[in-house]
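Descriptive analysis of the structure
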Amino acid sequence: MTLRLPAPTFTVRVAIRFVCLVMGCLHAGIVSAQSSIIGEGVGIEANLIAGKIIKHTAKFTSPIPELSSSVDVNFVWQTYGKKDWHQRRGFPVIGVGVSYIDYGNNQVYGKCAGVYPNLQIPLIRGKNLEWTLRFGDGLGYVTRVHQKGYPADTQNVAVSTHLNDFACFMTDLRWHVDDHWQLQLGANFTHISNAGYYQPNLGVNMVGAHIGVRYFPVSARPKPIEHVLPQLKNRWLLQFRASISFKEARAEGDPIRASYFAAGYLSRRWKSKNKLYFGMDYAYHDDVYAFLKNYGVDYGHERGNSWDGALFAGNEFL
């Protein structure tokens, strides 16, 4: 009996060639790389990802592909204490990531290209092995979106705009081979949506596993600058925030209407790097008002039923 392995998909082949090309170019350039040009702690990371779309709501009726794949390239800088917050946060890694995702069904989901700044913080750090958490948020471009009109699009009920918010979370076990190379294995989660600006907007959530490599032409371990940091006052602040957003109303013509937000809250800094806060907010939704007027709901009380409010509490990562 002969065991036949499936041929790599086009995306995987392209991803492998791209990663090899990037690593080859960097390796070829190490001879002429000088610390004054590239700098210590500056490197590049590449990950190959295999995952699957999650059906996160019963309204998500789009077909779920057997496999989704992605390549993620992250340009990184290992902080070393030039700023006080570097030391307070355990010398995190700052990056700008570029992702290319093939969801596995081009006729429904298309492809997605995302760019996102990110921050990696250490959870557990040893001499050569560490466990880290990376999170970032940016913009993603999707090649195929929901089509309105006749015939009705019953396949893609997840994304209706080409430009979307792109969020990425990763956790890694990373082995430091030497001062130049690092190997990592981990899990990841990506999300795209337009925050309700246009409907339908269920978004696409994908979870996966990845394997990757990091390369630092000069050094992955710049000498840290450590000193006694000033203890910041645990001051109380009274704060106010106002904002505006836009989303599609479920009314004749699908108009884009505004929502207005205002919040007041108290905050208190702690440990010189976090801020606890609590308060209340108010929001008025013009899209809700348009819906109530269009369908004759709560006649005469439309504006009185187009707002909401909440009490909230949280912690801000400074």
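Higher on the page you've got the structure.
Residues numbered from 1 in each chain as written. Predicted model: local features only at pLDDT ≥ 70, side-chain atom pairs only at ≥ 80, totals over all residues. Heavy atoms only, no water.

1. Description of helix H3 (residues 286-295)
Heads up, the condition is: The classification of residues rests on relative accessible area computed with a 1.4 Å probe and restricted to protein chains. Under 20% of the type maximum is buried, over 50% is exposed, and intermediate values are partly exposed. Think of it this way: any DSSP run of H or I at least four residues long counts as a helix, any run of E at least two long counts as a strand, and we number them from the N terminus. In this description, contact between two residues means that some pair of their heavy atoms is separated by no more than 4.5 Å.
What H3 keeps buried is the set Asp-286, Asp-287, Tyr-289, Ala-290 and Leu-292. The secondary structure elements touched by the buried residues of H3 are strand E9 (236-248), strand E10 (256-270) and strand E11 (274-285). Looking at the residues trailing H3, positive phi occurs at Gly-296, about 65 degrees.

2. A few points about the nonpolar core
Selection rule: Residues belong to one nonpolar core when they are buried, are Ala, Val, Leu, Ile, Met, Phe, Trp, Tyr or Cys, and are joined through side-chain atoms within 4.5 Å.
Tyr-103, Tyr-109, Cys-112, Val-159, Phe-166, Ile-192 and Val-204 are the most contacted members of the largest nonpolar core, which totals 19 residues. When residues of this core are traced back to their parent elements, those giving at least two are strand E1 (42-54), strand E4 (111-125), strand E6 (163-176) and strand E8 (204-215). Among the elements that make up this core, the one with the highest residue count is E6 (three residues). In contact with Tyr-103, other than residues within four places in its own chain, are Ile-53, Pro-65, Leu-67, Ser-68, Tyr-109, Gly-110, Cys-112, Ile-192, Val-204 and Met-206.

3. A look at empty space enclosed by the protein
The test is simple: With a 1 Å grid spanning the protein atoms alone, the term cavity applies to any set of points in which a 1.4 Å probe fits but cannot get out, the term pocket to an open set with protein on both sides within 12 Å along at least five of seven lines, and the term lining residue to any residue with an atom within 4 Å of a point. Grid points are joined across faces, edges and corners, and a volume is the space filled by probe spheres set on the points. Classes in brief: Ala, Val, Leu, Ile, Met, Phe, Trp, Tyr, Cys and Pro nonpolar; Asp, Glu, Lys and Arg charged; the others, Gly included, polar.
Taken as a whole and assessed by the stated rule, the structure comprises one cavity of 30 Å³ or more. Put simply, the largest cavity is a space of about 40 Å³. Forming the boundary of the largest cavity are Ile-49, Ser-70, Asp-72, Ser-99, Ile-101, Cys-168, Met-170, Asn-188, Thr-190 and Met-206. Counting residues per element, the ones that place at least two in the lining of the largest cavity are strand E2 (68-78), strand E3 (93-102), E6 and strand E7 (181-193). Across the lining of the largest cavity, the residue classes tally to five nonpolar, four polar and one charged.

4. Some remarks on the environment of Lys-52
For clarity, the cut-off: Each polar contact in these results corresponds to two N or O atoms within 3.5 Å; when the atoms are within protein, one needs to be able to donate a hydrogen and the other to accept it, and residues that are neighboring in sequence are counted only if both atoms are side-chain atoms.
Looking at the secondary structure, you find Lys-52 in strand E1. Residues Lys-52 and Pro-65, spaced 13 residues apart in sequence, show a C-alpha to C-alpha distance of 7.2 Å. Within the local environment of Lys-52, its side chain forms a polar contact with the backbone oxygen of Glu-66, the two atoms lying 3.4 Å apart.

5. Digging into the layout of surface pockets
Each pocket or cavity is described by its volume, and for the largest pocket that value is around 290 Å³. As for the largest pocket, its lining consists of 17 residues, and the residues nearest its centre are Gln-78, Arg-125, His-176, Ala-220 and Arg-221. Looking at side-chain class alone, the lining of the largest pocket contains seven nonpolar, five polar and five charged residues. The calculated volume of the second largest pocket comes to roughly 200 Å³. If you trace the second largest pocket, you find it lined by Arg-241, Ser-243, Phe-261, Ala-262, Ala-263, Tyr-265, Tyr-277, Asp-281, Tyr-282, Phe-312 and Glu-316. When residues of the lining of the second largest pocket are traced back to their parent elements, those giving at least two are E9, E10, E11 and strand E12 (307-317). The biggest single contributor to the lining of the second largest pocket is E10, with four residues. Across the lining of the second largest pocket, the residue classes break down as seven nonpolar, one polar and three charged.

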